[in-house]
Every structure is written in C-alpha cells, then in structure tokens.
Amino acid sequence: MFDRSELIRRYSVNERETPHLRANFIASVDGAASFAGLSGPLNNAADKQVFDTLRMLSDVVLVGAGTLRTEDYGPLILDDDAVAWRVEQGLAPQPVLAIVSARLELDHSSEVFSRAPVRPLVFTHGRFHQGAPAELAAVADVEICGEHSLDVAGMWTVLNRRGLTQVLTEGGPRLFGSLAAADAVDELCLTLSPVLAGGGAGRITAGSEHGLHAMRLAHVLTAGDMLMLRYMRSR
Ligand SMILES: NC(=O)c1ccc[n+]([C@@H]2O[C@H](COP(=O)([O-])OP(=O)(O)OC[C@H]3O[C@@H](n4cnc5c(N)ncnc54)[C@H](OP(=O)(O)O)[C@@H]3O)[C@@H](O)[C@H]2O)c1
C-alpha cells in the first residue's frame with residue numbers, strides 16, 4: 001500500500017488554475033479494460049488508493065453514462081479524511097460529478113442524484129433532445145454542448161466558467177475516445193493489472209482512429225506486480 005502524502009505529491013499538478021484533464025483507467029497486461037463486463041476484477045487495494053487520491057485532487061469527476069450504468073455508480077461522496085484534506089487546501093469539500101449522455105436515459109430517482117452532496121452536472125448534445133427533460137433538470141444541471149455531437153471545447157467552457165479546472169475522467173472508453181479525438185486529454189493514469197484477460201473485452205478507448213498523440217512518462221509506481229503509470233501529453 002502507498003503512503004497517502006506520497007501519492008498526493010506524485011499526482012498533484014503545479015497550478016490548479018490551469019485547466020487540466022486527467023484520465024484514470026485500469027487495463028490487464030493484455031489490454032482488456034474489463035473482465036466479465038466490469039473493471040473491478042482487474043483492480044486491487046493499491047489501485048483503489050490511487051483511484052481515491054485522484055478523486056480527492058479533482059474539482060469534477062466526468063463519467064460516461066455507460067460506465068455509470070455498467071459499474072453501478074453511487075453518489076460521489078469522498079470520505080471524511082479526504083474532505084478534511086480538501087478543506088485544508090481551500091478546495092470545495094466534495095468534487096462535482098458530471099455525467100455525459102446523449103440519450104439522457106438516466107435514472108433521475110437514483111442515489112447518484114438524490115444523495116449527491118453537490119448537484120451533479122449532465123452534459124449532452126442536441127441530437128436527441130432540444131432541452132433537458134424536466135425530471136432530470138430537477139436533480140441536475142443539464143448543459144447542452146453541441147448540436148449533433150458532443151462539443152468538447154464547449155464542455156470545457158462550461159466547466160471553467162464554474163471554476164472547475166481540474167477534471168478527472170474515469171471513462172469509459174467511448175467518452176475517453178471522444179476526449180482523445182478532440183486532443184483534450186492532458187494526462188493518462190493507467191494501472192496495468194498483472195493478469196491476462198483474453199480477447200473478449202474492449203480497450204480503454206473506443207471510437208475511430210485519431211492521429212498519434214505523443215505522451216511523456218511522468219512516473220511509474222509499483223504495488224507488487226501492478227504498475228501505476230502516469231503519462232502526460234507532450235504538446
Ligand atoms: N478499465 C477501466 O478503467 C474502465 C473505466 C470505465 C469503464 N470501463 C468499462 O467500460 C465499459 C463501458 O464502456 P462504454 O464505452 O459504454 O462507456 P462510456 O463511455 O462510459 O459510456 C458510453 C455512453 O456514455 C455516453 N457518452 C460517452 N461519450 C459520449 C459522447 N462523446 N457524446 C455523447 N454521449 C457520450 C453515451 O450515453 P447514452 O447512452 O446515455 O447516450 C454513451 O452511450 C464497461 O465494461 C466498464 O466496465 C472500464
């Protein structure tokens with residue numbers, strides 16, 4: 001297991017005012033992003049520590065509706081230690097949860113919304129909906145970014161206007177693919193899990209091929225046979 005202050009030091013950015021999109025994923029050594037449809041079988045307690053630290057360091061956690069549904073997300077609530085650390089740093093006690101969905105078929109009565117310590121955000125585009133369905137608008141701030149597809153730059157404008165500069169995306173692959181295609185990803189934290197999972201699962205990214213985006217290795221942490229890789233976008 002890692003020392004908490006060491007993890008904070010390893011993953012902190014120099015300037016929180018500069019907008020920064022960090023993605024956090026886990027994959028098996030043979031490239032699977034899930035096993036039996038979930039990422040849980042790939043991770044362990046050390047990976048969970050990194051996962052929790054990255055949440056603690058963020059202003060907003062951005063997640064695709066597919067991952068929210070598949071991974072059965074609950075409300076985004078950090079524990080008391082994390083809240084105390086954030087308040088000491090002058091941050092809001094809890095980060096905001098932001099969900100990306102085109103179809104907006106989200107369960108507005110779920111605890112993701114009803115127990116959220118901060119009103120969640122929902123990003124969508126105008127292909128299926130002209131405005132936000134009333135039930136969803138009652139429990140979340142719905143932002144329409146783009147006419148027929150997600151306007152990533154528009155989404156950043158909304159986040160920055162709200163002072164949410166430190167963005168953590170926990171995927172999933174389709175969301176990550178569209179963020180990477182827009183060359184919006186500044187950092188990828190990738191845990192390599194020491195298992196072979198076979199060929200059934202997808203990768204951590206989906207969608208079409210984009211240009212090669214060079215990344216620079218910032219660090220490698222090890223936890224037994226598990227590797228925690230931190231890559232920064234070389235611009
Ligand atoms: N290994 C890991 O670290 C990791 C992390 C996360 C997820 N996963 C795995 O990934 C799988 C889920 O994959 P996924 O690709 O379905 O996940 P996803 O990207 O979270 O979800 C896709 C859905 O999110 C919405 N969405 C994503 N990008 C969008 C965009 N650019 N514009 C509009 N809507 C967008 C759409 O929602 P609507 O359908 O509501 O329109 C879309 O159907 C699961 O097996 C999960 O376990 C693995």
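Sequence order as written defines the numbering, with residues in each chain counted from 1. Per-residue local features of the predicted model are confined to residues with pLDDT of at least 70, and side-chain atom pairs are confined, for both listing and counting, to 80 or more; whole-chain, interface and lining totals are unaffected and use all residues. Heavy atoms throughout the structure, all of them, feed into the side-chain values; hydrogens and water do not.

**Side note on the nonpolar core**
Move 1: Formed by 38 residues in total, the largest nonpolar core has its most connected members in Tyr11, Ile99, Val122 and Met228.
Move 2: Secondary structure is summarised from DSSP: a helix means a run of H or I of at least four residues, a strand means a run of E of at least two, and numbering begins at the N terminus for each. If you tally residues by element for this core, the top one is helix 2 (residues 45-57), at five residues.
Move 3: We call two residues in contact whenever any of their non-hydrogen atoms come within 4.5 Å of each other. If near-sequence neighbours (up to four positions away) are discounted, Tyr11 is found in contact with Arg22, Val50, Leu54, Leu57, Glu187, Cys189, His219, Leu221, Met228 and Arg230.
Move 4: By nonpolar core is meant a set of buried Ala, Val, Leu, Ile, Met, Phe, Trp, Tyr and Cys residues that side-chain atoms within 4.5 Å join together. The buried label goes to any residue with under 20% of its type's maximum accessible area, the exposed label to any with over 50%, and the partly exposed label to all in between, with areas taken from a 1.4 Å probe on protein chains only. The next biggest cluster of nonpolar side chains, apart from the first, holds 31 residues, and it includes Ala98, Val152, Trp156 and Leu190.

**Some thoughts on the pattern of salt bridges**
Move 1: Every case where a carboxyl oxygen of Asp or Glu lies within 4 Å of a side-chain nitrogen of Lys or Arg is listed as a salt bridge. In the structure shown here, the tally under the stated rule is 15 salt bridges.
Move 2: Arg16 is the partner of Asp59 in a salt bridge, and the nearest nitrogen-oxygen pair spans 2.8 Å. Taken together, the residues Asp59 in the loop between helix 2 and strand 2 (60-64) and Arg16 in the loop between helix 1 (4-11) and strand 1 (20-28) connect sequence positions 43 residues apart.
Move 3: Here Asp183 makes a salt bridge to Arg235, at a shortest N to O gap of 3.2 Å.

**Things to note about the site of the ligand**
Move 1: Every one of the 27 residues lining the ligand counts as a neighbour, but Ile26, Ala33, Glu71, Ser101 and Arg103 are closest to it.
Move 2: Residues adjacent in sequence count toward polar contacts only when both atoms are side-chain atoms; beyond that, a polar contact is any pair of N or O atoms within 3.5 Å, and within protein one must be able to donate a hydrogen and the other to accept it. Within the backbone of Gly66, one N or O atom sits 3.0 Å away from an oxygen atom of the ligand.
Move 3: Here an oxygen atom of the ligand and a side-chain polar atom of Glu71 are 2.4 Å apart.
Move 4: For the ligand, whose free accessible area comes to 910 Å², the fraction covered by protein is 87%.
Move 5: Of all the secondary-structure elements, those providing two or more residues to the shell around the ligand are strand 1, helix 3 (65-70) and helix 8 (173-181).
Move 6: The greatest single-element share of the shell around the ligand, amounting to five residues, is contributed by helix 3.
Move 7: Tallied by class, residues from the shell around the ligand come to 10 nonpolar, 12 polar and five charged. Only heavy atoms are used to decide nearness, and a residue is near a molecule or strand if one of them lies within 4 Å of it. Surface exposure here means Shrake-Rupley accessible area, sampled with a 1.4 Å probe, where a residue is shielded only by the protein chains that are shown. Note that Gly is not counted as nonpolar here; it falls among the polar residues with everything else outside the nonpolar set of Ala, Val, Leu, Ile, Met, Phe, Trp, Tyr, Cys and Pro and the charged set of Asp, Glu, Lys and Arg.

**Structural notes on the pairing of strand 7 (residues 187-193)**
Move 1: Of all seven residues in strand 7, six are buried; the element is thus mostly enclosed.
Move 2: For two strands to count as paired, DSSP must find a minimum of two bridges between them. Across seven bridges, strand 1 lies against strand 7 in parallel orientation. Following the sheet pairing, Ile26 is matched in strand 7 by Thr191.
Move 3: Inspection of the sheet shows strand 7 paired to strand 9 (residues 226-233) by six bridges, in the antiparallel sense. Along strand 9, the bridge assignment pairs Leu192 with Leu227.

**A closer look at the sheet that holds strand 4 (residues 121-124)**
Whether parallel or antiparallel, the strands of a sheet pair through hydrogen bonds between backbone atoms.
Move 1: What the nine strands build is an open sheet, ordered 5-4-3-2-6-1-7-9-8; its pairing is mixed. If you trace the sheet from one side to the other, it starts and ends with strand 5 (141-144) and strand 8 (215-223), each paired once. Direction aside, neighbouring strands of the sheet carry axes that sit 20° apart on average.
Move 2: Relative to strand 3 (residues 96-100), strand 2 runs parallel, the two being bridged by five bridges. Directly across from Val60, in strand 3, lies its bridge partner Val96. Where helices are involved, their axes are fitted lines through C-alpha atoms of the stretch in contact, as for all axes, and angles between N-to-C directions lie from 0 to 180°.

**Concerning the packing of aromatic side chains**
Move 1: In this scheme Phe, Tyr and Trp rings, the latter by its six-membered ring, pair at centre separations within 6.5 Å, and the angle between planes marks the pair as stacked below 30 degrees, edge-to-face above 60, and tilted otherwise. One pass over the full model with this rule turns up one aromatic pair.
Move 2: Judged by centre distance (5.0 Å) and plane angle (55°), the rings of Phe25 and Phe176 are tilted. On the criterion of sequence distance, the pair formed by Phe25 in strand 1 and Phe176 in helix 8 is long-range, its members being 151 residues apart.

The values reported here are purely geometric and, on their own, carry no functional implication.
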